[in-house]
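What follows is the residue order along each chain.
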Amino acid sequence: MDDHRSRADELANRYRSVLPSWVKPLYAEPIVVDRGEGSWVYDLGGTRYLDFFGGVLTTMIGHSVPEVTAAVQAQAAKVMHTSTLYLSEPMIELAAEIAAVSGIPDAKVFFTTSGTEANDTALLLATTYRRSNQVLAMRNSYHGRSFSAMSITGHRSWSASSFSGLSVSFVHGGYRLRSPFRDLDDEAYTQACVADLVQIIDMTTSGDVACLIAEPIQGVGGFAVPPDGFFGAMKKELDNHQILFVADEVQTGWGRTGDHFWGYQAHGIVPDILTFAKGVGNGITLAGVVARAEVMDCIQAVSFSTFGGNPLSAAAGRATLRYVLDHDLQGNAKAMGERLRAGLDALVDGTAWLAEARGRGLMQAIEMVHPGTIEPDAARSNAVLEACKAEGLLVGKGGLYGNVIRIAPMLTVTADEIDEGLRALKAAVAASG
Ligand SMILES: Cc1ncc(COP(=O)(O)O)c(C=O)c1O
């Protein structure tokens, strides 16, 4: 056996023995990623893979981007950590830059170390501001792994516990393919979900609800997209009850959807609170919450996050955000997303076990079912995932039943790379037929 293969097997065994059983690597023979460059990663043996998942949409603008590497190295050589007890230039500058692009008026920013902690903070703000522990969330949602984030996650595979201090009601609408309203047109679908929202408020709460939290496009849920304007219609009803709207932009932020910088902008609204994480540090730990000052400042106790927005993460965040804006990566996400989607639509047309292609920009998915039904076929998505790897393409899996392939190239992806990804995916689908 090759040296690198036996080293990979050894690491896989040690991974399984020393990490929890509920943390799972992809693939029957997991890949050891040794290094990366742009849209490509290389394993220990030098085999190259086209990375269309970016470590779950987190390496957002490509591996080893010189501008980000240089910013991190320069900051590491100066000071790596100071905490919020002292004034950190990178943190303050990044907060101002994020406030400016957030679209939220009079915005303030609080940095955290993960999307989970960002969503916990959003819940803390909303429940304190509204003096209520009642929260609305979407069915098929995913918001993280703390007790409170799991309690607003409408997805059994990711809900390890139901313990929570929140009273949560789940609303229809994020995932149309498996909705009882799926056969309605966009307008009627939206109205049916708004009618459900009204009933949920009237029948399952005492009225004084803190917030509705929603992903504009459900990430873990399989890149499920509601109609444009959907959350605008929901928000009219929320406004009638002074219920805050929280946009979880952990996957949809920074231009990934192509048409917009933030996912919420497809809905003609501005959220009261938004959360971000994953891509903004291009792989360095960085996350946070944006809210208008009146909401952000409602907390009376002192609170801080030790590593939140530390100088190293903030330097990575500033370099990443600058790169996104200077290179119009939102524009690239739109153009490359359309190119990718055209290929996926053609693939779905020719394959009886693909229910649909869906998504927006560089956040696209295909869902596997038994032909002629919407019965999920997770075995087929596993086969496609493995076959993609054999073709040199890394994609993700997801969806309520693990039967969705998620495709999320770097925002810097080129037309040639999209074409190569589509070639590999078509070959994988043919091999899995
Ligand atoms: C939409 C969304 N919110 C929150 C989270 C949690 O983020 P983290 O894993 O950084 O805690 C995730 C992670 O996948 C996510 O996709």
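Residues numbered from 1 in each chain as written. Predicted model: local features only at pLDDT ≥ 70, side-chain atom pairs only at ≥ 80, totals over all residues. Heavy atoms only, no water.

Asker: Before we go on, may I ask you to explain the side chain of threonine 205 in this structure?
Answerer: With respect to the element layout, threonine 205 can be found in the loop between helix H7 (186–204) and strand E7 (211–214). Within the local environment of threonine 205, its side chain forms a polar contact with the backbone oxygen of isoleucine 201, the two atoms lying 2.6 Å apart. Only 3.0 Å separates the side chain of threonine 205 from the backbone nitrogen of glycine 207, close enough to count as a polar contact. Sequence-distant contacts of threonine 205, that is, excluding residues within four places in its chain, are made with Gln134, Leu136, Ser169 and Ile200. (Helix = DSSP H or I, 4+ residues; strand = E, 2+ residues; numbered from the N terminus. Polar contact = N/O pair within 3.5 Å; in protein donor to acceptor, adjacent residues only side chain to side chain. Contact = heavy atoms within 4.5 Å.)

Asker: Mind showing me how you'd approach the environment of glycine 396 here?
Answerer: Mapped onto the secondary structure, glycine 396 falls in strand E14 (residues 396–398). Sequence separation of glycine 396 and leucine 312 is 84 residues, and the distance between their C-alpha atoms is 28 Å. Those residues within four positions of glycine 396 in sequence are excluded, and the remaining contacts are Phe53, Leu385, Val404, Ile405 and Arg406.

Asker: What's the story with the site of the ligand in this structure? I'm lost.
Answerer: Inspection of the region around the ligand gives Ser114, Gly115, Thr116, Asn119, Tyr142, His143, Gly144, Glu215, Asp248, Val250, Gln251 and Lys278 as its neighbouring residues. One of the side-chain N or O atoms of glutamine 251 is found 2.8 Å from an oxygen atom in the ligand. The contact in question runs from an oxygen atom of the ligand to an N or O atom on the side chain of lysine 278, over 3.0 Å. In the complex, 84% of the free accessible area of the ligand, which totals 390 Å², lies under the protein chains. Considered class by class, the residues forming the shell around the ligand number two nonpolar, seven polar and three charged. (Near = heavy atom within 4 Å. Areas by Shrake-Rupley, 256 points an atom, 1.4 Å probe, with all protein chains shown as cover. Nonpolar A, V, L, I, M, F, W, Y, C, P; charged D, E, K, R; others polar.)

Asker: Just checking my understanding: could you explain the pattern of salt bridges for this structure?
Answerer: Note on pairing: side chains with opposite charge can pair once their charged atoms come close. Counted by the stated rule, this structure contains 22 salt bridges. A salt bridge links arginine 5 to aspartate 9; its shortest N-O distance comes to 3.0 Å. Within this pair, arginine 5 and its partner aspartate 9 are both found in helix H1 (residues 3–18), separated by four residues, close to a single helical turn. Given a relative accessible area of 27%, aspartate 9 falls into the partly exposed group. The closest approach of N and O atoms between arginine 360 and aspartate 259, which form a salt bridge, is 2.9 Å. Pair noted here: arginine 360 is in strand E11 (residues 354–360) and aspartate 259 is in the loop between strand E8 (244–248) and strand E9 (273–276), with a separation of 101 residues, a long-range link. Taking the relative accessible area as the measure of exposure, arginine 360 reaches 16% and is therefore buried. Its relative accessible area of 33% is what places aspartate 259 among the partly exposed residues. (Salt bridge = Lys/Arg side-chain N within 4 Å of Asp/Glu carboxyl O. Buried < 20%, exposed > 50% of the residue type's maximum accessible area, 1.4 Å probe, protein only.)

Asker: Where do I start with the environment of glycine 288 in this structure?
Answerer: Position of glycine 288 among the secondary structure elements: in strand E10 (residues 287–292). Residues glycine 288 and alanine 118, 170 residues apart in the sequence, show an inter-C-alpha distance of 4.9 Å. Discounting chain neighbours no more than four positions away, the residues touching glycine 288 are Phe110, Phe111, Thr112, Ala118, Leu274, Thr275 and Phe276.

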